[in-house]
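Here are the chains, one letter per residue:
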Amino acid sequence: MDDKKLHFREKGNFIEESKNSITYLKKKEGFLSKILENEQMLIVVWTLDGAVVWFNRYTQTVVDIAVEEQTERIDVSLIIPKDIISYVKEHMDDTEGVNIRFKGENPMFLKNGIEIYIMWHNSVICDDEGNKYVVSTGIDITDLKNAEQRLEEANRNLLILNEELREQQEELSEMNEELMAQEEELRQNLIEIQRQQDELKKSGERYRLVVEGATDGLWDWDLITDTAYISERWRNVIGFEKEEVNNYYETWTKFIHPKDVKTVIKNLHGHLEKKTPFYSCEYRVKIKDDRYIWILSRGKALWDEEGRAIRMAGSHTDITERKKMEKELEYMAFYDPLTNLPRRDVFMEKLKVAMADARRHGKKFAVFFIDLDNFKTINDSFGHLMGDKLLKKISKKLKACVRETDTVSRMGGDEFVILLPDINSTKDTDRVIERILELLNQPIKLNNHELYATMSIGIAIYPDHAKSERAILKNADIAMYKAKENGKNGFRYFDSTMTSDVEFANIIKKV
């Protein structure tokens, strides 16, 4: 009796424990199912023949498959891209537990039209009956993909900036070469040429070091709120106290040089209206010590889906030294560095303008061709340095003898030319000649020496003596040589007999 009761009691306990175990397993299975259903990743179970066995609720939400379609009749290609399915089948072997990771490079579109990228992880599992299944889990890597694209864009922008800098350096190098060629053609003395070449080389090196060592100022402009982030270096240059600047458009415009505002606005609007791929502009801005510097401003805008510019970012580069160099090179290309007088090219341009004005209004003008007498003797006796100082003194005296509208130019060596536009008669030229000869009759003091410099002057008047720029300059030169033949320290007006005399002299020389 006791054994039988004991048997039934043990059997009852076993049944109760089994019920508890089943209940526990069901709860555990439900808990795990709840986790899988709510996990924010795509989970798909499918067979190698392409049939879908199961997928979680998140997958249903993303792919937009109706509930009634959740059967094995659904092909896995509706959820997983075909190239991934092919890749999995190609790299799958017969071993259970194989893991295959595949990063999707092609976008996947959600039912709301949003574009995403998925990293797929695939595993092979087998059930108790030996059936093989593939478990694919997909993780959203869209942020990572977008970050990669932004990095590629930043690298492309960096390459563009480097290319622009290289082109600027090449342009500067070409300008230096042109300047050197001009110096050689203008018969400058070797000492002066060498000095200028050394100065240009040093200036070029200084500019290169400035460019290589410069740190750009960065800015990020929110066009909707009109606020901008300014990097620390640029805040220190301009004098902004905070890194965020409100009313940026109006604020920044106040710092721009008044003469450059229109250019900046034009270039900015050109980019915001998508007329140019990038914003780029060179202009002057006032910094915190109330002086202006030149900057190169670059940037690129971001547009929304409606085509409205919403954001713009870029950099400011201080190019003050480069602008200064360009100005110096331009000056040295057109003006003699020793006397600061215009070179031949400048004189010929002014002569061309005077010729056109005289023809149009029936006016006269005169050209003086001047050559110092015995300048070589002074150079040989006192040295080239003293000769250079004498040329500077002569240049100042010649400028003092003419009007502001007249032009005194150094043609090279000890030769000068003067253009007197808009004259009435030889009385006007005679007065200038008298002033020149009167000044040169006085001794010139140089380094405790008193030098007397004389010169021979030839004058040609338009239209009496020539009717073209080349001819009037040539005839003034001929008249100057006639003045030298007459004993120097004097002047001669051109006349037609001088041409035949010069031609005859040339024939005698050939004989």
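Residues numbered from 1 in each chain as written. Predicted model: local features only at pLDDT ≥ 70, side-chain atom pairs only at ≥ 80, totals over all residues. Heavy atoms only, no water.

## Re the overall build of the chain
Okay, so step 1: When its secondary structure is counted, the chain shows 15 helices and 20 strands.
Okay, so step 2: For the chain, restricting intrachain contacts to residue pairs at least 6 apart in sequence, the fraction spanning at least 24 positions comes to 54%. (Helix = DSSP H or I, 4+ residues; strand = E, 2+ residues; numbered from the N terminus. Contact = heavy atoms within 4.5 Å.)

## Focus on the packing of aromatic side chains
Okay, so step 1: Under the definition given, this model contains seven aromatic pairs.
Okay, so step 2: Pairing Trp 221 with Tyr 249 gives two aromatic rings, centres 6.2 Å apart and planes at 25°, and the pair type is stacked. Linking Trp 221 in strand 8 (residues 217–222) with Tyr 249 in helix 7 (residues 248–255), this pair joins segments that are 28 residues apart in sequence.
Okay, so step 3: On the accessibility criterion, Tyr 249 (31% relative accessible area) is partly exposed.
Okay, so step 4: A centroid spacing of 5.3 Å and a plane angle of 80° characterise the contact between Phe 240 and Phe 255, whose relative ring orientation is edge-to-face. Here Phe 255 lies in helix 7 and Phe 240 lies in the loop between helix 6 (232–238) and strand 10 (244–245), a separation of 15 residues in the sequence.
Okay, so step 5: Judged by its relative accessible area of 14%, Phe 240 falls in the buried class.
Okay, so step 6: By relative accessible area, which is 21% here, Phe 255 ends up partly exposed. (Phe/Tyr/Trp six-rings, centres within 6.5 Å; stacked < 30°, edge-to-face > 60°. Buried < 20%, exposed > 50% of the residue type's maximum accessible area, 1.4 Å probe, protein only.)

## Looking at the nonpolar core
Within soluble globular proteins, side chains that are nonpolar tend to cluster in buried spots.
Okay, so step 1: Among the nonpolar cores identified, the biggest contains 33 residues, and Phe 368, Ile 370, Ile 394, Leu 398, Ile 418, Ile 436 and Met 455 are the most heavily contacted of them.
Okay, so step 2: Of all elements in the fold, only strand 14 (364–372), helix 11 (375–382), helix 12 (384–400), strand 16 (415–423), helix 13 (426–440), strand 17 (444–446) and strand 19 (455–462) reach the threshold of two or more residues within this core.
Okay, so step 3: Once you skip the residues sitting within four places of it in the chain, Ile 370 turns out to touch Leu 398, Asp 414, Glu 415, Phe 416, Ile 418, Ile 436, Met 455, Ser 456 and Ile 457.
Okay, so step 4: Among the nonpolar cores identified, the runner-up in size contains 23 residues, and Trp 221, Ala 228, Ile 230 and Ile 256 belong to it. (Core = buried A, V, L, I, M, F, W, Y, C linked by side-chain atoms within 4.5 Å.)

## Focus on the pairing of strand 6 (residues 118–126)
Okay, so step 1: Where strand 6 lies against strand 7 (residues 132–140), nine bridges are found, and the strand directions are antiparallel. Following the sheet pairing, Val 124 is matched in strand 7 by Val 134.
Okay, so step 2: Counting the residues that bridge the hairpin from strand 6 to strand 7 gives five residues, and of these Gly 130 lies at a positive phi of roughly 85°. (Pairing = 2+ DSSP bridges.)

## A closer look at helix 8 (residues 261–272)
Okay, so step 1: In a regular helix each residue adds 1.5 Å, so 12 residues correspond to 16 Å; helix 8 covers 16 Å between its end C-alpha atoms and thus fits that length.
Okay, so step 2: Every buried residue of helix 8 is accounted for by Val 261, Val 264, Leu 268, Gly 270 and His 271.
Okay, so step 3: Among the structural elements, strand 8, helix 7, strand 11 (279–286), strand 12 (292–303) and strand 13 (309–318) are those in contact with the buried residues of helix 8. (Expected span 1.5 Å × (residues − 1).)

## Things to note about the confidence of the model for the chain
Atom-level detail of predicted coordinates should not be read off regions where pLDDT is low.
Okay, so step 1: Scored by pLDDT, the chain comes out at a mean of 79, with 78% of its residues at no less than 70.
Okay, so step 2: Confidence, expressed as mean pLDDT per element, reaches its minimum in the chain at helix 15 (residues 497–510) with 49 and its maximum at strand 14 with 94.
Okay, so step 3: A low-confidence stretch, residues 206–214 stays under pLDDT 50, and its non-local contacts, those more than four residues away or across chains, total seven contacts.
Okay, so step 4: Overall, residues 503–511 carries pLDDT values under 50, and its contacts beyond four positions in sequence, including any with other chains, amount to zero contacts. (pLDDT = per-residue confidence, 0-100.)

## Quick notes on the sheet that holds strand 20 (residues 490–493)
Okay, so step 1: Spatial ordering of the open sheet is given by 15-16-14-19-20, a layout of five strands whose pairing is mixed. Sheet topology places strand 15 (407–412) and strand 20 at the edges, where each strand pairs with a single neighbour. Neighbouring strand axes in the sheet, compared pairwise and without regard to direction, differ in orientation by 20° on average.
Okay, so step 2: Bridging between strand 14 and strand 19 involves eight bridges; their strand directions are antiparallel. Across the sheet, Leu 372 pairs through a bridge with Met 455, a residue of strand 19. (Axes fitted to C-alpha atoms, helices over the stretch in contact; angles between N-to-C directions.)

## With respect to the packing of helix 11 against helix 12
Between two packed helices, what matters for the description is the angle formed by their axes and the separation of those axes.
Okay, so step 1: At a closest axis distance of 6 Å, the pairing of helix 11 and helix 12 adopts a crossing angle of 135°. Taken together, the axis directions place helix 11 and helix 12 in an arrangement best described as oblique. Contacts between helix 11 and helix 12 involve Phe 375, Ile 378, Asn 379 and Phe 382 from the first element and His 384, Met 386, Gly 387, Leu 390 and Leu 391 from the second.
Okay, so step 2: Among the residues forming the contact of helix 11 with helix 12, the class breakdown is six nonpolar, three polar and no charged. (Parallel < 35°, antiparallel > 145°, perpendicular 65-115°, else oblique. Nonpolar A, V, L, I, M, F, W, Y, C, P; charged D, E, K, R; others polar.)

## Things to note about the environment of Lys 259
Okay, so step 1: Structurally, Lys 259 can be placed in the loop between helix 7 and helix 8.
Okay, so step 2: Accessibility expressed as a relative area gives 67% for Lys 259, which makes it exposed.
Okay, so step 3: Note: C-alpha distance between Lys 259 and Arg 284 (25 residues apart in sequence) is 8.8 Å.

## Thoughts on unusual backbone geometry
Okay, so step 1: The residue after Tyr 462, namely Pro 463, is reached through a cis peptide bond having omega 5°.
Okay, so step 2: Inspection of the secondary structure puts Pro 463 in the loop between strand 19 and helix 14 (469–485).
Okay, so step 3: Its identity is not glycine, yet Asn 340 carries a phi of approximately 65°, on the positive side.
Okay, so step 4: Turning to its location among the elements, Asn 340 is positioned in the loop between helix 9 (320–334) and helix 10 (344–361).
Okay, so step 5: The partly exposed category is assigned to Asn 340, whose relative accessible area is 43%.
Okay, so step 6: In this structure, Asn 374 takes a positive phi of about 60° despite not being glycine.
Okay, so step 7: Considering the arrangement of structural elements, one finds Asn 374 in the loop between strand 14 and helix 11.
Okay, so step 8: Accessibility expressed as a relative area gives 45% for Asn 374, which makes it partly exposed.

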